[in-house]
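# Architecture and fold: a report
What follows is each chain in one-letter form.
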Amino acid sequence: MNTDDNLKLFLETTGIQGFQHAAEGLSGMLGEQIMPTRPATRMVPLVDIPNVLGGPEREAVGIYLQSEGDLVAQFVLVLPFEKACELVDLVIGEAVGTTQVLGSMERSALGEIGNITTGYFLNRVATIMHWDARPSPPAVIVDMVGAILNVVTATVAGISDEVLMLQGTFVRAGREVEVMFWIIPDANSLEMFKDARS
Amino acid sequence: MADQALPVGLGEIKISKSPGDVLVAYGLGSCVGVGMYDPVAKVAGMLHAVLPQSLNGTEQVPGKFVTTGVPKLIEEMEKAGALRSRLQVRMAGGANMLTAPGAKQAFNIGERNVLQARTTLDTLRMRLQAEDVGGTVGRTVRLFVNDGRMTVKALGSQEKALA
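Heads up: these notes are all about the structure in this document. (Residues numbered from 1 in each chain as written. Chains lettered and ligands numbered in written order. Predicted model: local features only at pLDDT ≥ 70, side-chain atom pairs only at ≥ 80, totals over all residues. Heavy atoms only, no water.)

Quick look at the overall build of chain A now. Scanning chain A from N- to C-terminus turns up 5 helices and 8 strands. Reading the helices (α) and strands (β) of chain A from amino to carboxyl end gives α-β-β-β-β-α-α-β-β-α-β-β-α. Its C-alpha atoms give chain A a radius of gyration of 16 Å, near enough to 16 Å, the size a compact globule of 198 residues would have. Relative to its full complement of 198 residues, chain A shows a buried share of 57%. Intrachain contacts of chain A at a sequence separation of at least 6 include 74% that bridge at least 24 residues. A total accessible area of about 7900 Å² is found for chain A, and carbon and sulfur atoms account for 50% of it. (Helix = DSSP H or I, 4+ residues; strand = E, 2+ residues; numbered from the N terminus. Rg over C-alpha atoms; globule rule 2.2 N^0.38 Å. Buried < 20%, exposed > 50% of the residue type's maximum accessible area, 1.4 Å probe, protein only. Contact = heavy atoms within 4.5 Å. Areas by Shrake-Rupley, 256 points an atom, 1.4 Å probe, with all protein chains shown as cover.)

On to the side chain of A:H21. Residues and elements named next belong to chain A. Positionally, H21 belongs in helix α1 (residues 5-30). Exposure remark for H21: the relative accessible area of 13% places this residue in the buried category. For H21, the contacting residues outside a window of four places in its chain are Y120, N123 and R124.

Turning our eyes to something else, we now look at unusual backbone geometry. All names here are of chain B. In this structure, K42 takes a positive phi of about 55 degrees despite not being glycine. By relative accessible area, K42 is classed as partly exposed at 38%. The phi dihedral of R125 falls on the positive side, at around 60 degrees, and the residue is not glycine.

Residues and elements named next belong to chain B. Strand order in the open sheet formed by 5 strands is β2-β5-β4-β6-β7, and the pairing between neighbours is mixed. If you trace the sheet from one side to the other, it starts and ends with β2 (13-16) and β7 (128-133), each paired once. Sheet twist, expressed as the mean angle between neighbouring strand axes with direction ignored, is 15 degrees. Where strand β4 (residues 32-38) lies against strand β5 (residues 43-49), 7 bridges are found, and the strand directions are antiparallel. Across the sheet, the residue bridging to G33 is H48, located in β5. The sheet contacts of helix α1 (residues 66-79) involve β2, β4 and β5, and relative to β5 the element is tilted by about 165 degrees. (Pairing = 2+ DSSP bridges. Axes fitted to C-alpha atoms, helices over the stretch in contact; angles between N-to-C directions.)

All names here are of chain A. For helix α2 (residues 81-92), which comprises 12 residues, the first-to-last C-alpha distance of 17 Å matches the rise-based estimate of 16 Å (1.5 Å per residue) to within 8%. By the burial criterion, the buried members of α2 are F81, K83, A84, C85, L87, V88, D89 and L90. At the exit of α2 stands G93, carrying a positive phi of roughly 80 degrees. (Expected span 1.5 Å × (residues − 1).)

Another aspect to go through is the interface of chain B and chain A. Taken residue by residue, the interface counts 32 residues in chain B and 25 residues in chain A. Both faces combined, the contact of chain B with chain A buries some 2100 Å², and carbon together with sulfur accounts for 62% of it. On inspection of chain B and its partner chain A, the count reaches 2 salt bridges. Notably, a salt bridge pairs A:D161 with B:K64, separated by 2.5 Å at the nearest N-O pair. In this structure, the connection of chain B to chain A is made through 9 residue pairs in polar contact (both at pLDDT 80 or more). Those elements giving two or more residues to the side of chain B that touches chain A turn out to be β3 (21-28) and β8 (139-144) of chain B. Among the residues making up the side of chain B that touches chain A, the classes are represented as 16 nonpolar, 10 polar and 6 charged. (Buried area = accessible area lost by both parts, 1.4 Å probe. Salt bridge = Lys/Arg side-chain N within 4 Å of Asp/Glu carboxyl O. Polar contact = N/O pair within 3.5 Å; in protein donor to acceptor, adjacent residues only side chain to side chain. Nonpolar A, V, L, I, M, F, W, Y, C, P; charged D, E, K, R; others polar.)

Our focus in this paragraph is the packing of α1(B) against helix α2 (residues 109-123) of chain B. Residues and elements named next belong to chain B. Where α1 contacts α2, the two axes come as close as 9 Å, and the packing angle between them is 45 degrees. Of the possible angle classes, the one that applies to α1 and α2 is oblique. For the element pair α1 and α2, the recorded crossing hand is right-handed. Here V66, T67, V70 and P71 of α1 lie close against α2, whose contacting residues are N113, Q116, A117, T120 and L121. (Parallel < 35°, antiparallel > 145°, perpendicular 65-115°, else oblique. Left-handed = near helix turned anticlockwise from the far one by under 90°.)

Keep in mind that these numbers describe shape and distance, not what the molecule does.
See below:
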């Protein structure tokens, strides 16, 4: 997959607006001020993808969605298991530390976080680009980081040994929440970004 | 002597004859980890394959695909002194990680990886001794070079031997 620095900058510039909008949505949902860090566009070798969040064996939660329409992409929010429990507490209005197990209700709350984050992101990017884009229902995966991210790597491995992704995190109360938000556009969508940039 | 973990990452093939080494494929989701061991030469090898086969004929990284990775693993084992006829072959992984309604995972890659591995091994006349595959959970698989033990561990479960 060929990219250039201008495309990366364009993706980041567009992406920051999407991230800001996603953070607004999360703030509303959680009742707390959530700010995004500036997203970065990176080409990540396939073999390095599982080595995030403390390594491929660490227990984590992945919230996975896809988008259809003009922007076809994969969206993954990945966060450590204990952080996912904290977010659930915020969503359902419990004291932080209450949630210890992620049952169906808790997973539904996390899925909704994925819906809000991705939906707000897509909404802003689609508005900027005058595109149509619709998110899929979320899948919430509680497992090792490597297994979660296999969902992404299996999709792109047949095309490339590297993945272009827009990556950012969210900051809550001055501390990074350690929620990684990855957006992985497919090759056709990248071409559309290139065309729009030129 | 403490064990030395040798990670086998996505698309990688690793071989070892060092008794203290443990070949490890962490967090296998839909990927399959194929382990081979020659108990006489004490050579161990592991493949961490991502997809069943290449669709466009480009195979710069043979370990990414089951169809090219398994023969390459055997070739590397033989270069290290293993005898094909002595190889103990075991496999783990191939889960379906996306089970939410409406979630699409193209053609259930995990299941296809497992089926392709069985077919490829059969074509190469290699007997699959044991496997722990399928389901919906990730696995970490370890192959101990000193005695050829292969273990599988899922989150929340005990590590168990793959006999």
